[in-house]
Amino acid sequence: MSFVEKQRARAIIHVDMDAFYASVEVMDNPSLAGKPVIVGGTPETRGVVAAASYEARKFGVHSAMSSYRAHKLCPHGVFILPRMSRYVEVSHDVRAILDSFTPLVEPISIDEAFLDVTASRALFGTAPEIGRAIKQRIRGEIGLVASVGVAPNKFLAKLASDLEKPDGFVVITAEDVEARLAPLPVSRLWGVGQKTEATLTAAGIHTIGDVVRAEHAKLEGLVGSYAAHMQELARGLDDRDVVPDAEAKSIGAENTFPRDITDAAALRAELDLLSERVAVRARDEGVVGHTVNLKARYADFTTVTRAITLPSPTSESVAIRGAARLLLEERLDRNGRALRLLGVSLSNLSRADEVTGGLFDTPRATRNRTLDGVMDALRDRFGAGAVRRGAKRDS
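Just so we're clear, the structure is a prediction, and the values are computed from it rather than from any experiment.

Draft legend 1. Main features of the overall build of the chain. Along its length, the chain carries 16 helices and 12 strands. Sequence-distant contacts in the chain: of pairs separated by 6 or more residues, those separated by 24 or more amount to 65%. Surface summary for the chain: the accessible area is close to 20,000 Å², and the carbon and sulfur share equals 54%.

What follows is the structure, encoded as structure tokens:
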């Protein structure tokens, strides 16, 4: 089957939960309905906005904005600390609905996913009918609103779900791709950020239609090797498959401090807590990682990263903590400067049960893994707050 034939044959749906965190809070507390709900850190804690209801967005509040700035824009906003366990619970409920239509579900984040329903049409009707059914079931069974896009490929489905948010439902067929895409701003193309958009518009390329009509040599001079892919997307072509349950690329945790921290011991303590969170999550998810990454943000918002690749993949608390300490204390070159944020992540992941190991483990490694198992069992029984690791554990 040719590239274009494949585009016409496939049926892809993108489901995007509208203002997910904020919507869950309103669902659980109906008195918040109609109010500008802002989920994230409070203005006093120098946190960031994780999600904002559409009422808050009218004031310019958006995710990743500092909570302080959000409060300035929307002083009457209702600030709520995130309840990740609750959002994960609701996300699982949404996922159960998606799984009932096709096994080909690719979650992109906690609140959005792609579905390949090409084969499902024999059971559930046309792709638009399946998309409508998904929307109705999410609203009826869970009580939340989703925007849904239906199209022949992932790029178009994602674009469609975003065109009429919130509560959107847009179908883009192979026949109306040109009419749908041509008038849209070039920023709608994947990979076109603010800088690239400015470069293109300065050259007279304002819309997706302009990208299609542009000479390839001119476009290549503006955006380099991305030009060919950009023109493919502008024509509505995207050959990527829906990959069920794509493995996470990394597992991480970070913390923005209420006040900048200069003291080395205090930073080490914060780093140890973050490392433990990453290690526990890796073990919970049954994965190990080859690379430990450090993220540090200074008081002037300069952000730097450091990474170290381990001899063998791990989810051991001691190994992750030791690597993170090495990055902070020997590779960061902080020179006494204060930090406002620290983050630790584990990447280059593999399934723990697919990694051969243990034959030449040292007694220390065996003891560390045994202690991890004991601590995890205590945490499961009594809660995370009841378990604290001693500072003198092998490192």
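Draft legend 2. Spotlight on the environment of D260. Position of D260 relative to the elements: it lies in strand 9 (residues 250-261). Here the alpha-carbon distance between D260 and R297, two residues 37 residues apart in the chain, equals 9.8 Å. In contact with D260, not counting residues within four places along its chain, are R46, A299, A338, L339 and R340.

Draft legend 3. Representation of the packing of helix 2 (residues 20-28) against helix 5 (residues 84-99). Orientation of helix 2 relative to helix 5, taken along the N-to-C sense of each, is 95 degrees, at an axis distance of 10 Å. Viewed along their axes, helix 2 and helix 5 adopt a mutual orientation that is roughly perpendicular. Packed against helix 2, whose contacting residues are F20, Y21, V24, E25, M27 and D28, the element helix 5 presents M84, R86, Y87, V90 and S91 at the interface. A class-by-class count of the residues in the contact of helix 2 with helix 5 yields seven nonpolar, one polar and three charged.

Draft legend 4. The sheet that holds strand 6 (residues 112-116), seen in detail. Strands sit in the order 5-6-1-7-8 across an open sheet of five strands; the sheet is mixed. Edge positions in the open sheet fall to strand 5 (105-109) and strand 8 (169-171), since each of these has one partner strand only. Here the average twist between neighbouring strands, direction ignored, is 15 degrees.

Draft legend 5. Local environment of the nonpolar core. Judged by nonpolar contacts, the single largest core of 34 residues is most densely connected at I13, V15, I134 and I138. In contact with I13, not counting residues within four places along its chain, are A113, F114, L115, V117, A127, I130, G131, I134, V148, G149, V150 and A157. Grouped together as the second largest cluster of nonpolar side chains are 28 residues, I12, A160, I172 and V223 included.

Draft legend 6. Seen up close, the pattern of salt bridges. Throughout the structure, instances matching the rule amount to 20 salt bridges. We note a salt bridge from R325 to D272, for which the minimum N-O separation is 2.7 Å. Taken together, the positions of R325 in helix 15 (residues 317-331) and D272 in helix 14 (residues 264-285) put the pair 53 residues apart, joining distant regions of the chain. Salt bridges here are not isolated pairs; linked through shared partners, they connect E25, D28, R83, R86 and E89.

Draft legend 7. How the structure looks around the pairing of strand 10 (residues 287-298). Among the 12 residues that make up strand 10, 10 are buried, leaving the element largely enclosed by the rest of the structure. Relative to strand 11 (residues 303-314), strand 10 is paired through eight bridges, and the arrangement is antiparallel. The residue bridging A296 from the neighbouring strand is V304, located in strand 11. Hairpin connection from strand 10 to strand 11: four residues lie between these consecutive antiparallel strands, with F301 at a positive phi of about 75 degrees.

Draft legend 8. Helix 15, seen in detail. Look at helix 15: 20 Å from first C-alpha to last across 15 residues, which is about the 21 Å you get at 1.5 Å a residue. Listed in full, the buried residues belonging to helix 15 are S317, V318, I320, R321, A323, A324, R325, L327 and L328. Once helix 15 finishes, D333 follows within two positions and takes phi at roughly 55 degrees, a positive value.

Draft legend 9. Here's a closer look at the packing of aromatic side chains. If you walk through the whole model with that rule in mind, you get five aromatic pairs. Aromatic side chains F20 and Y21 sit 6.0 Å apart centroid to centroid with 55 degrees between the ring planes, which places their arrangement in the tilted category. The structure contains a cluster of three or more aromatic residues connected by ring pairs, namely F20, Y21 and Y87. One cation-aromatic arrangement involves R57 over Y54; the distance from NZ or CZ to the ring centre is 4.2 Å. Lying across the ring of Y298, R337 places its NZ or CZ 3.6 Å from the centre.

Draft legend 10. Focus on the side chain of Q231. Within the secondary structure, Q231 is located in helix 13 (residues 226-234). Taking the relative accessible area as the measure of exposure, Q231 reaches 7% and is therefore buried.

Draft legend 11. Region of interest: the sheet that holds strand 3 (residues 49-52). Taking strand neighbours across the sheet as the criterion, the three strands line up as 3-2-4 in an open arrangement whose pairing is mixed. A single partner strand is all that each edge strand has here, and the edge strands are strand 3 and strand 4 (78-80). For this sheet the average axis-to-axis angle between neighbouring strands, irrespective of direction, equals 25 degrees. In this sheet, strand 4 lies alongside strand 2 (residues 37-40) in parallel orientation, the contact comprising three bridges. Across the sheet, residue I38 finds its bridge partner in strand 4, namely F79. Packing of helix 2 onto the sheet brings it into contact with strand 2, strand 3 and strand 4, and relative to strand 2 it is tilted by some 115 degrees.

Draft legend 12. Up close: the environment of F124. By the element assignment, F124 lies in helix 6 (residues 121-124). Residue classification places F124 among the partly exposed residues on the basis of a relative accessible area of 35%. Sequence separation between F124 and F101 is 23 residues, and the spatial gap between their C-alpha atoms is 7.6 Å. Residue contacts for F124: discarding those within four places in its chain leaves S100, F101, E129 and I130.

How each quantity is defined
- Residues numbered from 1 in each chain as written.
- Predicted model: local features only at pLDDT ≥ 70, side-chain atom pairs only at ≥ 80, totals over all residues.
- Heavy atoms only, no water.
- Helix = DSSP H or I, 4+ residues; strand = E, 2+ residues; numbered from the N terminus.
- Contact = heavy atoms within 4.5 Å.
- Areas by Shrake-Rupley, 256 points an atom, 1.4 Å probe, with all protein chains shown as cover.
- Axes fitted to C-alpha atoms, helices over the stretch in contact; angles between N-to-C directions.
- Parallel < 35°, antiparallel > 145°, perpendicular 65-115°, else oblique.
- Nonpolar A, V, L, I, M, F, W, Y, C, P; charged D, E, K, R; others polar.
- Pairing = 2+ DSSP bridges.
- Core = buried A, V, L, I, M, F, W, Y, C linked by side-chain atoms within 4.5 Å.
- Buried < 20%, exposed > 50% of the residue type's maximum accessible area, 1.4 Å probe, protein only.
- Salt bridge = Lys/Arg side-chain N within 4 Å of Asp/Glu carboxyl O.
- Expected span 1.5 Å × (residues − 1).
- Phe/Tyr/Trp six-rings, centres within 6.5 Å; stacked < 30°, edge-to-face > 60°.
- Lys NZ or Arg CZ within 6 Å of the ring centre and 35° of its normal.

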